[in-house]
Amino acid sequence: QVQLVESGGGLVQAGGSLTLSCAASGSILNVHDMGWYRQVPGKQREWVAAITRGSSTSYVDSVQGRFTISRDNAKNTVYLQMNSLKPDDTAVYYCNARIVGTRELDYWGQGTQVTVSS
């Protein structure tokens, strides 16, 4: 059984910083691409950032230069460092990973709330 467990969400003032973590555990042979998405009520889930196993990164334009995605392959963990946070960044953040266990599947974390006050 593979699962992703997120941590690090919370309440922060505009201009502040937060770091999200997401650790994969279970019967894992390999972890390919990992990423972060976010969702606000009534809207579709939005892709935020992605990182390959070789640490190539990509970002949605709205967070470019403010967010940094990284990973620790030894710990099967992905991070999202969020700086200069804005109220528009308020959302539930979900991590996603393509994991090879008994099968190769996409997995999702349970979500963590990030709230940025103005």
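Predicted model only: the values in this text are computed from it and were never measured.

Participant: Give me the lowdown on the pattern of salt bridges, citing residues and values where you can.
Facilitator: What the rule picks out here adds up to five salt bridges. With a closest N to O distance of 3.0 Å, Arg-38 and Asp-89 form a salt bridge. Of the two residues, Arg-38 is situated in strand 4 (residues 30-39) and Asp-89 in the loop between strand 8 (77-82) and strand 9 (91-100); the sequence distance between them amounts to 51 residues. We note a salt bridge from Arg-98 to Glu-104, for which the minimum N-O separation is 3.2 Å. A relative accessible area of 43% means that Glu-104 is categorised as partly exposed. Each member of the salt-bridge network shares a partner with another, and the members are Arg-38, Glu-46, Arg-66 and Asp-89.

Participant: I'd like a description of the side chain of Glu-6, backed by residues and values.
Facilitator: Note that Glu-6 resides in strand 1 (residues 3-7). One buried charged residue, Glu-6, forms no salt bridge at all, with the nearest opposite charge on Arg-45 at 7.6 Å. Among the polar contacts listed, one links the side chain of Glu-6 to the backbone nitrogen of Thr-112, at a separation of 3.1 Å.

Thresholds, definitions, all that
Residues numbered from 1 in each chain as written. Predicted model: local features only at pLDDT ≥ 70, side-chain atom pairs only at ≥ 80, totals over all residues. Heavy atoms only, no water. Salt bridge = Lys/Arg side-chain N within 4 Å of Asp/Glu carboxyl O. Helix = DSSP H or I, 4+ residues; strand = E, 2+ residues; numbered from the N terminus. Buried < 20%, exposed > 50% of the residue type's maximum accessible area, 1.4 Å probe, protein only. Lys, Arg positive; Asp, Glu negative; His and termini not counted. Polar contact = N/O pair within 3.5 Å; in protein donor to acceptor, adjacent residues only side chain to side chain.

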